[in-house]
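This is what each chain is made of:
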There are 2 protein chains.
Amino acid sequence: MKQSLKIVKIGGKLIENEALLNSFLDDFVQLEGPKILCHGGGNKATEIAGKLGYETKMVDGRRITDKNSMEVITMVYGGLLNKNIVAKLQSKKQNAIGLCGADGNVLISKRRPVKEIDYGYVGDVEKVNTGFISSLLDQEIVPVFSAISSTAEGVLLNTNGDSVASEIAISMSEQYETELYFCSEKKGVLKDISDENSVISVIDSEKYKELVDAKVITDGMLPKLHNCFQGIERGVKSVLLGDADLLKENSIHTKIIL
Amino acid sequence: MKQSLKIVKIGGKLIENEALLNSFLDDFVQLEGPKILCHGGGNKATEIAGKLGYETKMVDGRRITDKNSMEVITMVYGGLLNKNIVAKLQSKKQNAIGLCGADGNVLISKRRPVKEIDYGYVGDVEKVNTGFISSLLDQEIVPVFSAISSTAEGVLLNTNGDSVASEIAISMSEQYETELYFCSEKKGVLKDISDENSVISVIDSEKYKELVDAKVITDGMLPKLHNCFQGIERGVKSVLLGDADLLKENSIHTKIIL
């Protein structure tokens, strides 16, 4: 039997709120066996970009990453947030290492082709260096991924954090039994967006289509759920969606199944 | 016989000037055998801090690192500069990984005790995780160190880049025959500060004392030379000081001997 590997994605308030992050990382270090952490950090990047006088351009809720934005993302995701998470894990006696896609050539991506919209320095993951990740896991070091990948030519690209987590989980599934956790503000997928407690406990691909058609799943949840199903269809053993308490026993969450 | 290991420190204009950095990295990737790169990045941090409206406090040419400054240093050294150097190395087909002291617990430091001046989040390296560095070198991965260390409790600290390079070289000397290269703006230690071509080719500890007494070595060169002699006295096989051409054959430079 394959060894189990947990891949945990955190985003939103969970990264920005120091106390929440600390308590979450306490749960994370308690997880047994090899594990990987992935993070984004959109709001902090927007804040710093604003302070630097850079305009943040969005189209349909997606950031347009020009050269200045990519500089800020490299600073904020790759430096500030990533190194602080690693330092916090070390303070909890969990050895860890912070990575962007260029480090050890770990996440190689292709720049998104320009169609109607030029998203700028934005990429989609094409290749995960699983050998390098395994060598870290074998040394009991937790890889902490910021949402930055790199082209084979060494161009850093802003990359969706959920996709990073999902692509890593898929690639590691050959060697491990992978469990993917998406932790954000909500307890899971809500039947009624205005009711925090209307969490749908299980979604399979049929139910997923129903929920999309009924417009229960919209906006930002669409790409997130897409990443979940991508994972589960391509070898990931289990995918759970929840909030900061997702790693606790008996958490309320949404489970994605085929 | 021990295998040779080259530790190269870059700073100043060499990091900030894209063309100069690119050409320097071309020389760096040509170096044979295992190698390590260390960098600072003071001016860029001052620039970003200024744009963010943070005041940079200096006492006797040394930065006072308050919480805001440490945030900027983590962004600029640990993120922007470090990841860009790694990406550039990857583009030159040299596998590399960017590290701050917290990554893999690689550089453990103590916060500098407060005497007359409180330097803030500033630390001096106490322990180098040589095992982890060796494991990267064995995989032919170049570790790229930003000048950030971490306390055992996971507090990130601003750390002198020359000291980082020197402490790494000293610690690795047990296992390797280490060669330490300090590359900055000047071709070496100058006999006459106004004459770029007055490079002193060799300095031993006796000559060093003479030059300090004669005030030929002053200001920023004092801690730099201190780091050089620390290295050479504690096991580093060779220390060279030069400019962006230092890694080229037949470069003009200053060699430090016991």
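Rules and cut-offs
- Residues numbered from 1 in each chain as written.
- Chains lettered and ligands numbered in written order.
- Predicted model: local features only at pLDDT ≥ 70, side-chain atom pairs only at ≥ 80, totals over all residues.
- Helix = DSSP H or I, 4+ residues; strand = E, 2+ residues; numbered from the N terminus.
- Rg over C-alpha atoms; globule rule 2.2 N^0.38 Å.
- Contact = placed C-beta atoms within 7 Å.
- Pairing = 2+ DSSP bridges.
- Core = buried A, V, L, I, M, F, W, Y, C linked by C-beta atoms within 7 Å.
- Buried ≥ 20, exposed ≤ 12 C-beta atoms within 10 Å, placed from the backbone.
- Axes fitted to C-alpha atoms, helices over the stretch in contact; angles between N-to-C directions.
- Parallel < 35°, antiparallel > 145°, perpendicular 65-115°, else oblique.
- Least-squares fit on C-alpha atoms with pLDDT ≥ 70 in both.
- Expected span 1.5 Å × (residues − 1).
- Left-handed = near helix turned anticlockwise from the far one by under 90°.
- Nonpolar A, V, L, I, M, F, W, Y, C, P; charged D, E, K, R; others polar.
- Arc of directions from axis to C-beta.
- pLDDT = per-residue confidence, 0-100.

## Notes on the overall build of chain A
Okay, so step 1: Within chain A, the regular secondary structure consists of eight helices and 14 strands.
Okay, so step 2: Compactness check: chain A gives a C-alpha radius of gyration of 17 Å against a globular reference of 18 Å for 258 residues, within 12% of the reference.
Okay, so step 3: Over its C-alpha atoms, taken along the principal directions, chain A stretches across nearly 45 × 40 × 35 Å.
Okay, so step 4: Pairs at least 24 residues apart make up 72% of the contacts formed inside chain A by residues separated by at least 6 positions.

## Things to note about the sheet that holds strand β12 (residues 202–203) of chain B
Residues and elements named next belong to chain B.
Okay, so step 1: An order of β5-β8-β2-β1-β11-β13-β14-β12 is seen for the eight strands of this open sheet, with the pairing classed as mixed. One side of each edge strand has no neighbouring strand; the edge strands of this open sheet are β5 (96–99) and β12.
Okay, so step 2: In this sheet, strand β8 (residues 142–146) lies alongside strand β2 (residues 35–39) in parallel orientation, the contact comprising three bridges. Across the sheet, L37 pairs through a bridge with V144, a residue of β8.

## Here we look at the nonpolar core
Okay, so step 1: Ranked by internal contacts, the top residues of the largest apolar core, which has 148 residues, are V76 and I168 of chain A together with V76 and I168 of chain B.
Okay, so step 2: Not counting chain neighbours up to four residues away, the residues in contact with V76 of chain A comprise G41, K44, A45, I48 and L81 of chain A together with M75 of chain B.

## What about the packing of helix α6 (residues 161–172) of chain B against helix α8 (residues 221–233) of chain B?
When two helices pack together, their arrangement is given by the angle between the helix axes and by the axis-to-axis distance.
Residue and element names in this part refer to chain B.
Okay, so step 1: One can describe the packing of α6 onto α8 by two numbers: an axis separation of 9 Å at closest approach and a directional angle of 5°. In terms of axis orientation, α6 runs roughly parallel to α8. Judged by residue contacts, D162, S163, S166, A169 and I170 of α6 engage P223, K224, N227, Q230 and G231 from α8.

## A short note on the relation of the copies chain A and chain B
Okay, so step 1: Take chain A, turn it by 180°, move it 0.0 Å along the axis, and it overlays chain B with an RMSD of 0.0 Å. Considering both components of the superposition, the chain copies are consistent with a two-fold axis. Across chain A, the rotation axis passes nearest the C-alpha of G79 of chain A, at a separation of 1.8 Å.
Okay, so step 2: When the interface residues of chain A are mapped onto chain B, 100% of them again fall at the interface, so both copies present the same face.

## Observations regarding the environment of C228 of chain B
Residue and element names in this part refer to chain B.
Okay, so step 1: With respect to the helices, strands and loops of the structure, C228 is situated in helix α8.
Okay, so step 2: Note: C-alpha distance between C228 and K93 (135 residues apart in sequence) is 31 Å.
Okay, so step 3: When sequence neighbours within four positions are dropped, the list of residues in contact with C228 reads V239, L241 and I256.

## Quick word on α6 of chain B
All names here are of chain B.
Okay, so step 1: In this model α6 runs 17 Å from its N-terminal to its C-terminal C-alpha over 12 residues, within 8% of the 16 Å that 1.5 Å per residue would give.
Okay, so step 2: Extensive coverage of α6 is indicated by the burial of 12 of its 12 residues.
Okay, so step 3: Listed in full, the buried residues belonging to α6 are G161, D162, S163, V164, A165, S166, E167, I168, A169, I170, S171 and M172.

## A few points about unusual backbone geometry
Okay, so step 1: Positive phi is not limited to glycine here, since K93 of chain B has a value of about 65°.
Okay, so step 2: Take K93 of chain B: it is sitting in the loop between α4 (67–91) and β5.

## Details of the sheet that holds strand β5 (residues 96–99) of chain A
Residues and elements named next belong to chain A.
Okay, so step 1: Taken in spatial order, the eight strands line up as β5-β8-β2-β1-β11-β13-β14-β12 in an open sheet, and their pairing is mixed. The sheet is open, and its two borders are formed by β5 and β12 (202–203), each paired with just one other strand.
Okay, so step 2: With five bridges connecting them, strand β11 (residues 176–183) and strand β13 (residues 238–242) associate as parallel partners. Across the sheet, Y181 pairs through a bridge with L240, a residue of β13.
Okay, so step 3: Contacting β2 (35–39), β5 and β8 (142–146), helix α4 (residues 67–91) runs over the sheet at an angle of about 155° to β8.
Okay, so step 4: The sheet strands contacting helix α8 (residues 221–233) are β11, β13 and β14 (254–256), and the helix crosses β13 at an angle near 160°.

## Comments concerning the packing of helix α3 (residues 42–51) of chain A against α4 of chain A
All names here are of chain A.
Okay, so step 1: Two elements in contact, α3 and α4, have axes separated by 9 Å at closest approach and are oriented at 125°. Taken together, the axes of α3 and α4 lie oblique to each other. Seen along the crossing, α3 lies across α4 with a hand that is right-handed. Mapping the contact onto sequence places K44, A45, I48 and A49 in α3 and S69, V72, I73, M75, V76, Y77 and L81 in α4.
Okay, so step 2: Among the residues making up the contact of α3 with α4, the classes are represented as nine nonpolar, one polar and one charged.

## Looking at the interface of chain A and chain B
By a widely used convention, the size of an interface equals the accessible area lost when the partners come together.
Okay, so step 1: On the chain B side, the residues contacting the 32 residues of chain A number 32 residues.
Okay, so step 2: If you list the elements that add at least two residues to the side of chain A that touches chain B, you get α4 and β5 of chain A.
Okay, so step 3: Element by element, the count of residues in the side of chain A that touches chain B is highest for α4 of chain A, at 14 residues.
Okay, so step 4: When the residues that make up the side of chain A that touches chain B are grouped by side-chain class, the tally is 12 nonpolar, 14 polar and six charged.

## Some points on the pairing of β5 of chain A
All names here are of chain A.
Okay, so step 1: Side chains A96 and G98 of β5 all project onto a buried face; the interleaved residues I97 and L99 project onto the opposite face, where all are buried too.
Okay, so step 2: As paired strands, β5 and β8 are joined by four bridges and run parallel to one another. Bridge assignment links L99 to a residue of β8, and that residue is F145.

## Quick notes on the environment of D138 of chain B
Okay, so step 1: Residue position: D138 of chain B is located in helix α5 (residues 130–138).
Okay, so step 2: On a C-alpha basis, the gap between D138 of chain B and Y121 of chain B in space is 33 Å, while along the polypeptide they are 17 residues apart.

## Focus on helix α5 (residues 130–138) of chain A
All names here are of chain A.
Okay, so step 1: Residues of α5 that are buried include every one of I133, L136 and L137, and no others. Taken around the axis of α5, the buried residues stretch over an arc of 100°, which confines them to a single face. Facing away from the buried surface of α5 by more than 90 degrees, the exposed residues are G131 and D138.
Okay, so step 2: Residues of α5 that are buried in the fold lie against β5, β8 and α6 (161–172).

## Some points on the confidence of the model for chain A
Okay, so step 1: A residue-level look at chain A finds 100% of positions with pLDDT of 70 or above and a mean pLDDT of 94.
Okay, so step 2: For this predicted complex, the interface confidence score (ipTM) comes to 0.95, while the overall pTM stands at 0.96.

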